[in-house]
Protein chains: 2
Amino acid sequence: MRRDVFQAIADPTRRAILLLIAAHAMTPNAIAEHFDSTRQAVSKHLKILTECELLKQKFTGREIYYEVNANKMKDIDKWLAQFRKIWETRFSQLDAVLAQLKQDKKK
Amino acid sequence: MRRDVFQAIADPTRRAILLLIAAHAMTPNAIAEHFDSTRQAVSKHLKILTECELLKQKFTGREIYYEVNANKMKDIDKWLAQFRKIWETRFSQLDAVLAQLKQDKKK
DNA sequence: ATTTTGCGAAACCGAATAGTTGCATATATA
DNA sequence: TATATATGCAACTATTCGGTTTCGCAAAAT
């Protein structure tokens, strides 16, 4: 199944999970304790977050620690960066126009 | 209906719309020309993006120009900033631990 | 060896989603 | 005035989504 970072963070529970374990890795049971829904529901969220690589698994015995993949979080920032770039050039073009107007005024 | 920025950008078509009109405002018809789906489908996307304030409408006669609300885009960045903050303190704590180890070694 | 614990996977269900077609309305244009 | 154009809205549909319950399995604990 195609998993997308943006689709993954669309769900508020999944965003909460990311924030919860951003500080330190946690097991599914420990994570589920912080939410009203069942462990299985949380497990589904973890699966989705793992499939899009926002989470990494660390296996220790029968426990699985989930931790945030900081590197993948950058994908969101990269997308935002596109807009920053567009707006910068747009404003620099505006600057050029304003400079031209100033120039014309002098004449 | 409750509209969320994260839910809005979950859809790839909506992300494409945002990028398309980031440079300059466009009308629904002009936007729809860039996609395979019908004008009505695009119009629905525009409605969702407008409801969560990622887009602003400019009315001129019977035409409606849609433009990106750069300010609302910051909401996404604010969310990302939480993680940056967590990771900064986590690393500074790590620094403290390392410093302590160094201290202990001296003794 | 038996029981408990931690976990994922499957089957199912109601709600939400993205798309379509068809229609109504207001503004240009002939 | 009649017609074409730009747009939003409603009804319908197939699919996806988030949740639950039930189950199976492997690792600990007893």
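Residues numbered from 1 in each chain as written. Chains lettered and ligands numbered in written order. Predicted model: local features only at pLDDT ≥ 70, side-chain atom pairs only at ≥ 80, totals over all residues. Heavy atoms only, no water.

Some remarks on the protein's contact with DNA strand D
Consideration 1: Around DNA strand D, 25 residues are found, and the nearest of them are A:Thr38, A:Lys44, A:His45, B:Arg62 and B:Tyr66.
Consideration 2: A breakdown of the atoms of DNA strand D within 4 Å of the protein gives sugar and phosphate a share of 58%.
Consideration 3: At 2.3 Å from a base oxygen of DNA strand D is found a side-chain nitrogen or oxygen belonging to A:Lys44.
Consideration 4: Sorting the residues of the surface near DNA strand D by element identifies helix 2 (12–22) and helix 4 (39–51) of chain A together with helix 3 (28–32), helix 4 (39–51) and strand 2 (63–68) of chain B as the ones contributing at least two each.
Consideration 5: Looking at the surface near DNA strand D element by element, the count peaks at five residues for helix 4 of chain B.
Consideration 6: Its residues assigned to classes, the surface near DNA strand D shows four nonpolar, 12 polar and nine charged. (Near = heavy atom within 4 Å. Polar contact = N/O pair within 3.5 Å; in protein donor to acceptor, adjacent residues only side chain to side chain. Helix = DSSP H or I, 4+ residues; strand = E, 2+ residues; numbered from the N terminus. Nonpolar A, V, L, I, M, F, W, Y, C, P; charged D, E, K, R; others polar.)

Let's talk about the interface of chain B and chain A
Consideration 1: At the junction of the two partners, chain B supplies 24 residues and chain A supplies 24 residues.
Consideration 2: Between chain B and chain A lies a buried interface of about 2200 Å² when both sides are counted; carbon and sulfur atoms form 75% of it.
Consideration 3: Applying the counting criterion to the chain B and chain A interface returns four salt bridges.
Consideration 4: For B:Asp4, the salt bridge identified is with A:Arg15, shortest N-O distance 3.4 Å.
Consideration 5: At the boundary of chain B with chain A, the tally comes to six residue pairs in polar contact (both at pLDDT 80 or more). (Contact = heavy atoms within 4.5 Å. Buried area = accessible area lost by both parts, 1.4 Å probe. Salt bridge = Lys/Arg side-chain N within 4 Å of Asp/Glu carboxyl O.)

As for the relation of the copies chain B and chain A
Consideration 1: With an RMSD of 0.1 Å, the operation that places chain B on chain A is a rotation of 179 degrees combined with a shift of 0.1 Å along the axis. Considering both components of the superposition, the chain copies are consistent with a two-fold axis. Residue B:Ala10 of chain B places its C-alpha closer to the rotation axis than any other residue of that unit, at 2.9 Å.
Consideration 2: With an isologous cut-off of 70% or more, the 100% of interface residues of chain B that recur at the interface of chain A puts this contact in the isologous class. (Least-squares fit on C-alpha atoms with pLDDT ≥ 70 in both.)

Bear in mind that shape data such as this cannot, by itself, settle questions of function.
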